[in-house]
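One letter stands for each residue in the lines below.
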Amino acid sequence: MVSKALLRLVSAVNRRRMKLLLGIALLAYVASVWGNFVNMSFLLNRSMQENGELKIESKIEEIVEPLREKIRDLEKSFTQKYPPVKFLSEKDRKRILITGGAGFVGSHLTDKLMMDGHEVTVVDNFFTGRKRNVEHWIGHENFELINHDVVEPLYIEVDQIYHLASPASPPNYMYNPIKTLKTNAIGTLNMLGLAKRVGARLLLASTSEVYGDPEVHPQSEDYWGHVNPIGPRACYDEGKRVAETMCYAYMKQEGVEVRVARIFNTFGPRMHMNDGRVVSNFILQALQGEPLTVYGSGSQTRAFQYVSDLVNGLVALMNSNVSSPVNLGNPEEHTILEFAQLIKNLVGSGSEIQFLSEAQDDPQKRKPDIRKAKMMLAWEPVVPLEEGLNKAIHYFRKELEYQANNQYIPKPKPARIKKGRTRHN
Ligand SMILES: O=c1ccn([C@@H]2O[C@H](COP(=O)(O)OP(=O)(O)O[C@H]3OC[C@@H](O)[C@H](O)[C@H]3O)[C@@H](O)[C@H]2O)c(=O)[nH]1
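Residues numbered from 1 in each chain as written. Predicted model: local features only at pLDDT ≥ 70, side-chain atom pairs only at ≥ 80, totals over all residues. Heavy atoms only, no water.

S.K.: What should I look at first to understand helix α5 (residues 234-254) in this one?
M.R.: Three or four residues apart is the spacing at which side chains of an α-helix point the same way, because the helix has 3.6 residues per turn. Between the first and last C-alpha of α5 there are 28 Å, a value that for 21 residues agrees with the 30 Å anticipated at 1.5 Å per step. Looking at α5, one finds that the buried residues are Ala-234, Cys-235, Tyr-236, Asp-237, Gly-239, Lys-240, Ala-243, Glu-244, Met-246, Cys-247 and Tyr-248. Check the buried side of α5 and you find it contacts α3 (170-175), α4 (177-198), β5 (201-207) and β6 (258-263). Positive backbone phi, at 75 degrees, marks Gly-255, one or two positions downstream of α5. (Helix = DSSP H or I, 4+ residues; strand = E, 2+ residues; numbered from the N terminus. Expected span 1.5 Å × (residues − 1). Buried < 20%, exposed > 50% of the residue type's maximum accessible area, 1.4 Å probe, protein only. Contact = heavy atoms within 4.5 Å.)

S.K.: How do you make sense of the site of the ligand when you look at a structure like this?
M.R.: Close to the ligand lie 23 residues, the nearest being Thr-207, Glu-209, Arg-277, Arg-302 and Asp-362. Between the ligand and Arg-277 there is a distance of 2.6 Å, counted from an oxygen atom to a side-chain nitrogen or oxygen. Within the contact set of the ligand, a nitrogen atom lies 2.6 Å away from a backbone nitrogen or oxygen of Thr-293. Those elements that provide at least two residues to the shell around the ligand are α3, α6 (278-287) and β8 (292-295). Taken together, the residues that form the shell around the ligand break down as 10 nonpolar, 7 polar and 6 charged. (Near = heavy atom within 4 Å. Polar contact = N/O pair within 3.5 Å; in protein donor to acceptor, adjacent residues only side chain to side chain. Nonpolar A, V, L, I, M, F, W, Y, C, P; charged D, E, K, R; others polar.)

S.K.: What exactly am I supposed to notice about the confidence of the model for the protein here?
M.R.: Any residue range with low pLDDT should be treated as having predicted coordinates unsuitable for detailed reading. Residue-level pLDDT values for the protein average 90, and 85% of them are 70 or greater. Below a pLDDT of 50 lies the segment residues 417-422, which in the model reaches 7 contacts outside its immediate sequence neighbourhood of four places, other chains included. As a predicted assembly, this complex carries a pTM of 0.81 together with an ipTM value of 0.98. (pLDDT = per-residue confidence, 0-100.)

S.K.: Would you take a moment to explain the UniProt feature "domain: NAD(P)-binding" (unreviewed entry) in the protein for this structure?
M.R.: Under the feature "domain: NAD(P)-binding" (unreviewed entry), the UniProt entry names residues 97-391. The span residues 97-391 carries 37% helix and 18% strand; its end-to-end C-alpha distance comes to 28 Å. (UniProt positions renumbered as here; feature names shortened; annotations may be inferred.)

S.K.: Would you explain the nonpolar core in this entry?
M.R.: For soluble globular proteins, the rule of thumb is that nonpolar side chains tend to be buried together. Counting residues in each nonpolar core, the largest one holds 60 residues, and the members touching the most others are Tyr-162, Phe-267, Leu-314, Leu-328 and Leu-389. Not counting residues within four places of it along the chain, the set of residues in contact with Tyr-162 comprises Ile-96, Leu-97, Ile-98, Thr-99, Leu-109, Leu-113, Leu-203, Leu-314, Val-315, Met-318 and Asn-319. Membership of the second largest hydrophobic core comes to 23 residues, among which are Leu-97, Met-191, Ala-200 and Tyr-248. (Core = buried A, V, L, I, M, F, W, Y, C linked by side-chain atoms within 4.5 Å.)

S.K.: Can you help me understand the pattern of salt bridges in this one?
M.R.: Any two side chains of opposite charge can pair, so long as their charged atoms come close to each other. A full pass over the atoms with the stated rule returns 26 salt bridges. The residue Glu-254 makes a salt bridge to Lys-196 at a minimum N-O spacing of 3.8 Å. Linking Glu-254 in helix α5 with Lys-196 in helix α4, this pair joins segments that are 58 residues apart in sequence. On the basis of relative accessible area, Lys-196 is assigned to the partly exposed category, the value being 45%. Two residues, Arg-233 and Asp-362, come together in a salt bridge whose shortest N-O distance is 3.7 Å. Taken together, the residues Arg-233 in the loop between β5 and α5 and Asp-362 in the loop between β13 (353-356) and α9 (371-377) connect sequence positions 129 residues apart. Accessibility classification places Arg-233 together with Asp-362 in one group, the buried group. (Salt bridge = Lys/Arg side-chain N within 4 Å of Asp/Glu carboxyl O.)

S.K.: How do you make sense of the environment of Met-191 when you look at a structure like this?
M.R.: If you trace the backbone, Met-191 turns up in helix α4. Exposure remark for Met-191: the relative accessible area of 0% places this residue in the buried category. With sequence-adjacent residues up to four places away left out, Met-191 is seen in contact with Leu-97, Thr-99, Val-150, Leu-154, Ile-161, His-163 and Leu-202.

S.K.: When you look at the environment of Asp-361 in this model, what are you seeing that I'm missing?
M.R.: Looking at the secondary structure, you find Asp-361 in the loop between β13 and α9. In contact with Asp-361, not counting residues within four places along its chain, are Asn-228, Gly-231, Pro-232 and Arg-233. At 2.9 Å, the side chain of Asp-361 forms a polar contact with the side chain of Asn-228.

S.K.: I keep staring at the pairing of strand β1 (residues 95-99) and nothing clicks. Help me out?
M.R.: On a regular strand, each side chain points to the face opposite its neighbour's, so the side chains alternate between the two faces of the sheet. Of all 5 residues that make up β1, 4 are buried, and the element is covered over most of its length. Bridge count between β1 and strand β2 (residues 119-124): 5 bridges; the pairing is parallel. Within the sheet, the bridge partner assigned to Ile-96 lies in β2 and is Val-120. This β-α-β element, β1 to helix α2 (residues 104-115) to β2, shows right-handed connectivity. Across 4 bridges, the pairing between β1 and strand β4 (residues 160-163) is parallel. (Pairing = 2+ DSSP bridges. Right-handed = clockwise from strand over helix to strand, strands pointing away.)

S.K.: Looking at this structure, how should I read helix α7 (residues 307-318)?
M.R.: The end-to-end C-alpha distance of α7, which contains 12 residues, comes to 17 Å, matching closely the 16 Å that a straight helix rising 1.5 Å per residue would cover. Most of α7 sits out of view: 9 of its 12 residues are buried.

S.K.: For this particular structure, what's the right way to read the packing of helix α8 (residues 336-347) against helix α10 (residues 385-405)?
M.R.: The relative placement of two packed helices is expressed as an angle between their axes plus a distance between the axes. The contact between α8 and α10 brings their axes to 10 Å, and the two run at 60 degrees. By the angle between their directions, the pair α8 and α10 is classed as oblique. When you trace α8 past α10, the crossing you get is right-handed. The segment α8 lies against α10, with Phe-339, Leu-342, Ile-343, Leu-346 and Val-347 engaging Leu-385, Glu-386, Leu-389, Asn-390, Ile-393 and Arg-397. Of the residues that constitute the contact of α8 with α10, the class distribution is 8 nonpolar, 1 polar and 2 charged. (Axes fitted to C-alpha atoms, helices over the stretch in contact; angles between N-to-C directions. Parallel < 35°, antiparallel > 145°, perpendicular 65-115°, else oblique. Left-handed = near helix turned anticlockwise from the far one by under 90°.)

S.K.: What exactly am I supposed to notice about the packing of aromatic side chains here?
M.R.: In this description, a pair of aromatic rings is defined by centroid distance and the angle of the planes. In the structure shown here, the tally under the stated rule is 7 aromatic pairs. Look at Tyr-395 and Phe-396: their rings are 5.2 Å apart centre to centre, the planes differ by 75 degrees, and that puts the pair in the edge-to-face class. Of the two residues examined, Tyr-395 and Phe-396, each falls in the buried class. Members of the aromatic cluster, each reached through a chain of ring pairs, are Tyr-211, Tyr-223 and Phe-264. The ring of Phe-126 is capped by Lys-131, whose NZ or CZ atom sits 5.2 Å from the centre of that ring. The positively charged end of Arg-132 is found above the aromatic ring belonging to Tyr-402, 4.3 Å away from the centroid. (Phe/Tyr/Trp six-rings, centres within 6.5 Å; stacked < 30°, edge-to-face > 60°. Lys NZ or Arg CZ within 6 Å of the ring centre and 35° of its normal.)

Laid out in structure tokens, this is it:
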């Protein structure tokens with residue numbers, strides 16, 4: 001009896017304990033489920049938040065990255081790297097003035113003389129020259145750019161003057177004939193005056209156009225030429241002829257050291273898109289699928305030199321002791337029609353060839369006799385025509401892209417005389 005009662009008591013106690021234990025276990029379970037739930041929702045919340053933050057961050061990144069790039073570009077332009085420049089001792093370093101130094105030929109000459117280690121001052125009135133042609137030197141300690149018209153006097157200390165300032169393409173020099181005459185006459189007078197004052201040597205960039213429409217072929221330096229003094233080209237032809245006359249008057253009367261380069265047709269990168277000469281016209285027309293405009297029958301001939309050959313010739317002449325005129329050109333002669341075909345092929349263009357009326361007083365044949373330059377300067381052109389043309393084509397292709405990005409594509413200028421009165425100063 002007693003044992004049974006005891007057993008009941010123990011099991012009753014156990015039952016209660018069991019219930020208690022079960023209760024506690026249940027509570028613990030509920031607590032843990034609740035805990036997990038809270039944890040999970042916290043994690044969920046956090047990941048959602050992180051996700052949102054990531055999205056915002058990537059959005060910000062999208063906006064900021066182009067700005068960062070702009071800052072990097074600006075920093076680069078402040079710490080500009082220049083093309084490599086040789087070091088020259090004080091004794092060998094010259095102070096050189098290049099008039100028309102921002103133009104097509106002038107800017108290539110600037111590059112050469114800067115890279116050779118000289119101090120170069122470029123003077124340009126930016127009629128046909130462009131700052132873009134020399135912008136890669138701006139800020140360099142050996143370089144200076146002056147916006148100045150050579151028709152006005154210039155006072156500066158220099159050892160050598162390369163006098164290139166003048167429009168050179170027929171449409172440009174015919175645009176304002178009086179200004180062309182003033183530039184070549186008064187401009188050259190001013191530069192010779194400067195050369196005399198400071199004891200500098202002056203090289204005149206003369207032209208094959210002093211031979212006019214030649215009756216002698218090929219043209220050597222002793223040919224006096226066949227120029228129409230009142231024709232549309234006279235402002236340039238006669239302007240350069242009088243510039244040559246002035247050089248030799250200053251040499252004989254004042255002892256100024258002069259060099260005269262008679263430059264034949266030249267082409268290459270940095271010709272102006274609006275230049276209007278045959279090479280830039282044909283290349284631009286071929287690249288844009290427009291007809292190649294041949295003036296006259298296309299049987300007139302020219303011989304074209306690449307600009308780097310010319311620049312080497314100019315420097316060789318300046319530093320030589322040859323004071324009489326020297327032809328600088330490539331004697332490989334072609335008809336203009338052959339030339340149009342060659343450019344069409346090199347560009348791979350389907351453009352047609354269009355024959356327009358002949359330009360007045362257009363020289364019918366031209367080819368330099370370069371025996372003098374070969375003998376006295378040990379100079380001759382080395383860049384083959386096709387190689388030079390491919391470089392020019394590459395340049396104009398890039399220029400067209402550049403212009404397209406800037407929403408402006410100029411059309412080549414036709415070599416026609418402007419009617420009516422033009423302004424000049
Ligand atoms: O679109 C054109 C442009 C020009 N031409 C012809 O191509 C020939 C060459 O003409 P350019 O205008 O290139 O040059 P030009 O030979 O007439 O004058 C040049 O001579 C030598 C340099 O001193 C000067 O750069 C420039 O005056 C000319 O017969 C001209 O009539 C065309 O058939 N089509």
